[in-house]
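Architecture and fold: a report
Now for the letters of each chain:
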Amino acid sequence: KATVSVLNCQGGMACAPGPDLSLRGLVNTASLTDVELYGRVSAALRYAADRAEKRWLETPDGQRAVVAIFRGAACGGGDVATCSTSEGWLRAMRAEYSRRAGDGTPGRSAPVRDIVAALPPGCHARRVDAALQALHSEGKDAPLRVRDAAGLVRGAVLLGEDMAALQSPACAVLSQALARCRHGVLLPPPCRMLTAVQAPLLQRASPAHLAGKCDASFAAVGLLSELAAGKDVPGDGSVLAARVVEAAQLARRGKQLGPKHGCVLCVPRSAACAEGMDVDAALGEVIGRGWNHNVFFDQRGGKTKLVLHSETHAVADALRTYGEAECFERLFPRATALIVELVDDYAYDDSHPCPKCHTLLRGVGVGRALFTRAGGGVGDMDLRPCSRELLDRELARIPFRTACDELGVDCVALEEAEA
């Protein structure tokens, strides 16, 4: 394969899909706006560069190299692996560094908006189109992760109404990726789509371009509209989808750096135990809501920060609403915790309970957890056996105390564990 230096790329998509195509890199660059792509390229180069290369990147020559590599990635000219992957960007930077490294002094770089404005028109749309063409040439068995396919949907949706025709094939790619997913709770296509793409992004899609072309995504948009209107949508996974959407909305309340999780603690509407119950039935009524967020408290003469996890927050919220006796005796033994983790503004990640939350849920008597999967769909975890004695463990007791104090909840079971 003839490799064209990305530093000389000025045109549009000049590469034809081939067996050595860096498919994931191509899809990932398509998922980003031009401004986001510049940030990704710049950060990737500075992260991987050694000390001497980092100094050089601050010089005018180094800054010009970063801009040129970004232009190659944005415009897509030349060798695909070089233009669309962090490894390719680093190779291009080091090739330029070996030619131009010297005693250059640091200089001020141009504003990002000016760098992006100098791109030829329509670069982002060409990246999305090139990714779709490459995937089409690979066929239905293209080795693409659900999260990457969701990113491609994001790229198509962010282009707006003028390029809305790209949304349908992007959603079709996601449907194919989801069809290859076999783990976790099996859901109908519309509900599966809602566990792979965050609702606000899917709501921005154009129904006119999805109707009749990608049934799963079109039906998912319709289901979202009904859920948003507060309609009681009958089974087939739609209650689970509604709870995922609600937990994701909770996760967005977290302003902390790092992972964003949301949790809804649910019980069946009947008096039956959630054990072995259909997922929709187990999630009938929400009794507690929580999300990851920072909590600051005084300790040893200073302020201490703790990231309170969504499951612990949801347990304390249920205690505040229903009281300790009702929760421990009637609600928690029938409860299911549904947890989501957000990936940026478009997808979901694996969100099974961490050791702290796993211990706490078992300690208060919650025996089942459902959680989003990076590959789409929802995982199902049996937390039993449950035991109140688990509250004695420090990894569960300290976060639980923090959550109760934050919400003003008195919990005798916790006080006994602390004694």
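Thresholds applied
- Residues numbered from 1 in each chain as written.
- Predicted model: local features only at pLDDT ≥ 70, side-chain atom pairs only at ≥ 80, totals over all residues.
- Heavy atoms only, no water.
- Helix = DSSP H or I, 4+ residues; strand = E, 2+ residues; numbered from the N terminus.
- Contact = heavy atoms within 4.5 Å.
- Areas by Shrake-Rupley, 256 points an atom, 1.4 Å probe, with all protein chains shown as cover.
- Axes fitted to C-alpha atoms, helices over the stretch in contact; angles between N-to-C directions.
- Parallel < 35°, antiparallel > 145°, perpendicular 65-115°, else oblique.
- Nonpolar A, V, L, I, M, F, W, Y, C, P; charged D, E, K, R; others polar.
- pLDDT = per-residue confidence, 0-100.
- Buried < 20%, exposed > 50% of the residue type's maximum accessible area, 1.4 Å probe, protein only.
- Pairing = 2+ DSSP bridges.
- Salt bridge = Lys/Arg side-chain N within 4 Å of Asp/Glu carboxyl O.
- Phe/Tyr/Trp six-rings, centres within 6.5 Å; stacked < 30°, edge-to-face > 60°.
- Lys NZ or Arg CZ within 6 Å of the ring centre and 35° of its normal.
- Lys, Arg positive; Asp, Glu negative; His and termini not counted.
- Polar contact = N/O pair within 3.5 Å; in protein donor to acceptor, adjacent residues only side chain to side chain.
- Expected span 1.5 Å × (residues − 1).

Scanning the chain from terminus to terminus reveals 21 helices and 8 strands. In the chain, of all internal contacts separated by at least 6 residues, the share reaching a separation of at least 24 is 71%. As displayed, the chain offers around 19,000 Å² of accessible surface, 51% of which is attributable to carbon and sulfur atoms.

Okay, the packing of helix 17 (residues 310–322) against helix 18 (residues 324–331) next. Where helix 17 meets helix 18, the axes come as close as 7 Å, and the angle between the chain directions of the two elements is 115°. Compared by their axis directions, helix 17 and helix 18 come out roughly perpendicular. Judged by residue contacts, Ala318, Leu319 and Tyr322 of helix 17 engage Glu324, Glu326, Cys327, Phe328 and Leu331 from helix 18. A breakdown of the residues in the contact of helix 17 with helix 18 according to their chemical character gives 6 nonpolar, no polar and 2 charged.

For the chain, the average pLDDT comes to 85, and 86% of its residues sit at 70 or higher. Between residues 1–21, whose pLDDT stays under 50, and residues either more than four places distant or in other chains, the model counts 51 contacts.

The next subject is the pairing of strand 1 (residues 261–267). In terms of burial, strand 1 is largely enclosed, as 7 of its 7 residues are buried. Of the two faces of strand 1, the one carrying His261, Cys263, Leu265 and Val267 and the one carrying Gly262, Val264 and Cys266 are both buried. The sheet contact formed by strand 1 and strand 2 (residues 285–291) spans 6 bridges and is antiparallel. Directly across from Leu265, in strand 2, lies its bridge partner Gly288.

All told, the structure shown has 19 salt bridges when counted by the stated rule. The salt bridge partner of Arg46 is Glu58, with a shortest N-O separation of 3.6 Å. Placement of Arg46 in helix 2 (residues 34–48) and of Glu58 in the loop between helix 3 (51–57) and helix 4 (60–75) is noted, with a sequence separation of 12 residues between them. The network of salt bridges with shared partners includes Arg24, Arg145 and Asp148.

A word on the packing of aromatic side chains. If you walk through the whole model with that rule in mind, you get 3 aromatic pairs. Ring geometry for Phe328 versus Phe332: centroids 5.5 Å apart, planes at 75°, classification edge-to-face. In this structure, Phe328 and Phe332 share a single accessibility class: buried. Positioned above the aromatic ring of Trp291 is the side chain of Arg253, whose terminal nitrogen or guanidinium carbon lies 4.7 Å from the ring centre.

It is worth spelling out the packing of helix 9 (residues 146–158) against helix 10 (residues 167–179) at this point. Look at helix 9 against helix 10: their axes get within 9 Å of each other, and the N-to-C directions meet at 170°. One way to sum up the angle between helix 9 and helix 10 is to call them roughly antiparallel. Here Val146, Ala149, Ala150, Leu152, Val153, Ala156 and Val157 of helix 9 lie close against helix 10, whose contacting residues are Gln167, Ala170, Cys171, Val173, Leu174, Ala177 and Leu178. Per-class residue counts for the contact of helix 9 with helix 10 are 13 nonpolar, 1 polar and no charged.

Once that is clear, we can look at the environment of Gly160. Take Gly160: it is sitting in the loop between helix 9 and helix 10. Remark: the alpha-carbon pair of Gly160 and Ala205, spanning 45 residues in sequence, is separated by 8.4 Å.

Another aspect to go through is the side chain of Glu341. Inspection of the secondary structure assignment puts Glu341 in strand 5 (residues 336–343). Among buried Asp, Glu, Lys and Arg side chains, Glu341 stands out as unpaired, with Arg147 the closest opposite charge at 7.3 Å. A polar atom in the side chain of Glu341 sits 3.1 Å from the side chain of His261. Once residues within four sequence positions are removed from consideration, Glu341 is found in contact with Pro259, Lys260, His261, Ala347, Tyr348, Asp349, Asp350, Ser351 and Thr372.

Right, let's talk about the environment of Ala44 for a bit. Within the fold, Ala44 resides in helix 2. Distance in space between the C-alpha atoms of Ala44 and Glu87 is 8.8 Å, their sequence separation being 43 residues. Non-local contacts of Ala44, meaning those with residues more than four positions away in its chain, are made with Ser86 and Trp89.

As a further point, take unusual backbone geometry. Here the amide bond leading from Arg384 into Pro385 is cis, since omega sits at 5°, within 30 degrees of zero. One can find Pro385 in the loop between strand 8 (378–382) and helix 20 (394–407). The phi dihedral of Asp344 falls on the positive side, at around 50°, and the residue is not glycine. With relative accessibility at 59%, the residue Asp344 sits in the exposed group.

A separate point is helix 4. End to end, helix 4 covers 22 Å across 16 residues, agreeing with the expected 22 Å (1.5 Å per residue, within 8%). The buried fraction of helix 4 amounts to 12 of the 16 residues, a majority that puts the element mostly inside the structure. Taken as a whole, helix 4 has its buried residues at Gly62, Gln63, Ala65, Val66, Ala68, Ile69, Phe70, Arg71, Gly72, Ala73, Ala74 and Cys75. At the C-terminal side of helix 4, Gly76 shows a positive phi close to 80°.

As a further point, take helix 8 (residues 123–138). Taking 1.5 Å per residue, 16 residues should reach 22 Å; helix 8 reaches 23 Å between its end C-alpha atoms and fits that length. Where helix 8 is concerned, the buried positions are Cys123, His124, Ala125, Arg127, Val128, Ala130, Ala131, Leu132, Ala134 and Leu135. Of the surrounding secondary structure, the elements contacted by the buried residues of helix 8 are helix 1 (23–31), helix 2, helix 4, helix 9 and helix 10. Following helix 8 by one or two positions, Gly139 adopts a phi angle in the positive range, close to 85°.

What follows deals with the environment of Arg320. Turning to its location among the elements, Arg320 is positioned in helix 17. Here the alpha-carbon distance between Arg320 and Val409, two residues 89 residues apart in the chain, equals 5.7 Å. Setting aside residues no more than four positions away along its own chain, Arg320 makes contact with Leu407 and Val409. At a separation of 2.9 Å, a polar atom in the side chain of Arg320 contacts the side chain of Asp317.

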